[in-house]
Amino acid sequence: MAQALLATDEKRRLFDQILPRLDEILTSTMPREEKLDFVVNLLRNDVPHYDWVGFYLVDPTEDRTLVLGPYAGEPTDHTRIAFGQGICGQAAVTGQNFIVQDVSKETNYLSCSIHVKSEIVLPIFFEGRMTGQIDIDSHSVAPFTAEDEQFLAAVCQKVAPVL
């Protein structure tokens, strides 16, 4: 039990260090793509269990389609995802966060890599409509906790005006 609490405390400290750095970049005059690139690289490099981090953006020209935006990690074939398809598509349809602790048990999972064991997806809303989502894959089974979800909700809130 003590080890789990220590891990939780370590996560909280790490997340508390990252959020001000995001504020600094997201409020800068840097171009949008550079801001989003910074976010995905910071999360992937600084959070040990975030092995792939990317943004999927709602395609303004094609109804009910997500388009891969900036990402950090291995390349993916999933550059366009229809609403309803895979975990990202489910999150787009429902507007809900999805945490899949073991992708091998998920029937609607779109395999990106044999290394991916779990995934977390949070929709991003701005002015009442979903504009995109953050998608994170991990090479570990069940690494995502309530702290990850709360942290990523804060990240989404900060990123929303930039999307």
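Remember, predicted model here, so these are calculated numbers, not experimental data.

### Quick word on the side chain of aspartate 51
Now for step 1: Positionally, aspartate 51 belongs in the loop between α2 (32-46) and β1 (52-58).
Now for step 2: An unpaired buried charge is present at aspartate 51: no salt bridge exists, and arginine 44, the closest side chain of opposite charge, is 5.9 Å distant.
Now for step 3: Among the polar contacts made by the side chain of aspartate 51, one reaches the main-chain amide nitrogen of histidine 139 at a distance of 2.6 Å.
Now for step 4: Among residues more than four places away in sequence, those in contact with aspartate 51 are Arg44, Ala72, Gly73, Asp137, Ser138 and His139.

### Digging into the environment of asparagine 45
Now for step 1: Inspection of the secondary structure puts asparagine 45 in helix α2.
Now for step 2: Looking at asparagine 45, the relative accessible area reads 56%, which means it is exposed.
Now for step 3: Sequence separation of asparagine 45 and aspartate 135 is 90 residues, and the distance between their C-alpha atoms is 15 Å.

### Focus on the packing of α2 against helix α4 (residues 146-159)
Now for step 1: The geometry of α2 relative to α4 is characterised by a closest axis approach of 12 Å and an angle of 170° between their N-to-C directions. Regarding the angle of α2 to α4, the classification is roughly antiparallel. Judged by the twist between their axes, the crossing of α2 over α4 is right-handed. On α4, the residues touching Leu36, Val39 and Leu43 of α2 are Phe151, Leu152, Val155 and Val159.

### Structural notes on the pattern of salt bridges
Now for step 1: Scanning the model with the defined rule gives nine salt bridges in all.
Now for step 2: Here aspartate 9 and arginine 12 are joined by a salt bridge, their closest N and O atoms 3.9 Å apart. Linking aspartate 9 with arginine 12, this pair stays in helix α1 (residues 2-26), spanning three residues, or about one helical turn.
Now for step 3: For aspartate 9, a relative accessible area of 35% gives the class partly exposed.
Now for step 4: When the shortest N-O distance is used, the salt bridge between arginine 21 and aspartate 46 registers 2.8 Å. Pair noted here: arginine 21 is in helix α1 and aspartate 46 is in helix α2, with a separation of 25 residues, a long-range link.
Now for step 5: Assessed through its relative accessible area of 25%, aspartate 46 is described here as partly exposed.

### Description of the nonpolar core
Now for step 1: Among the nonpolar cores identified, the biggest contains 30 residues, and Leu43, Tyr50, Phe55, Ile134, Phe151, Leu152 and Val155 are the most heavily contacted of them.
Now for step 2: For this core, the secondary-structure elements that each account for two or more residues are α1, α2, β1, β5 (118-126), β6 (129-138) and α4.
Now for step 3: With six residues, the top contributor of residues to this core is α4.
Now for step 4: Leave out the neighbours within four places in its chain, and valine 155 touches Leu19, Leu22, Val39, Leu43 and Ile134.
Now for step 5: In this structure, Trp52, Ile87, Cys88 and Met130 belong to the second largest nonpolar core, which totals 18 residues.

### Some remarks on the pairing of strand β2 (residues 65-72)
Now for step 1: The buried fraction of β2 is high, at six of eight residues.
Now for step 2: Bridge count between β1 and β2: five bridges; the pairing is antiparallel. In the strand pairing of β2, valine 53 is matched with alanine 72.
Now for step 3: The hairpin formed by β1 and β2 contains six residues between the paired strands, and arginine 64 there has a positive phi angle of roughly 60°.
Now for step 4: Alignment of β2 against strand β3 (residues 80-82), held across three bridges, turns out to be antiparallel. Of the residues in β3, the one forming a bridge with valine 67 is arginine 80.

Cut-offs and rules
Residues numbered from 1 in each chain as written. Predicted model: local features only at pLDDT ≥ 70, side-chain atom pairs only at ≥ 80, totals over all residues. Heavy atoms only, no water. Helix = DSSP H or I, 4+ residues; strand = E, 2+ residues; numbered from the N terminus. Buried < 20%, exposed > 50% of the residue type's maximum accessible area, 1.4 Å probe, protein only. Lys, Arg positive; Asp, Glu negative; His and termini not counted. Salt bridge = Lys/Arg side-chain N within 4 Å of Asp/Glu carboxyl O. Polar contact = N/O pair within 3.5 Å; in protein donor to acceptor, adjacent residues only side chain to side chain. Contact = heavy atoms within 4.5 Å. Axes fitted to C-alpha atoms, helices over the stretch in contact; angles between N-to-C directions. Parallel < 35°, antiparallel > 145°, perpendicular 65-115°, else oblique. Left-handed = near helix turned anticlockwise from the far one by under 90°. Core = buried A, V, L, I, M, F, W, Y, C linked by side-chain atoms within 4.5 Å. Pairing = 2+ DSSP bridges.

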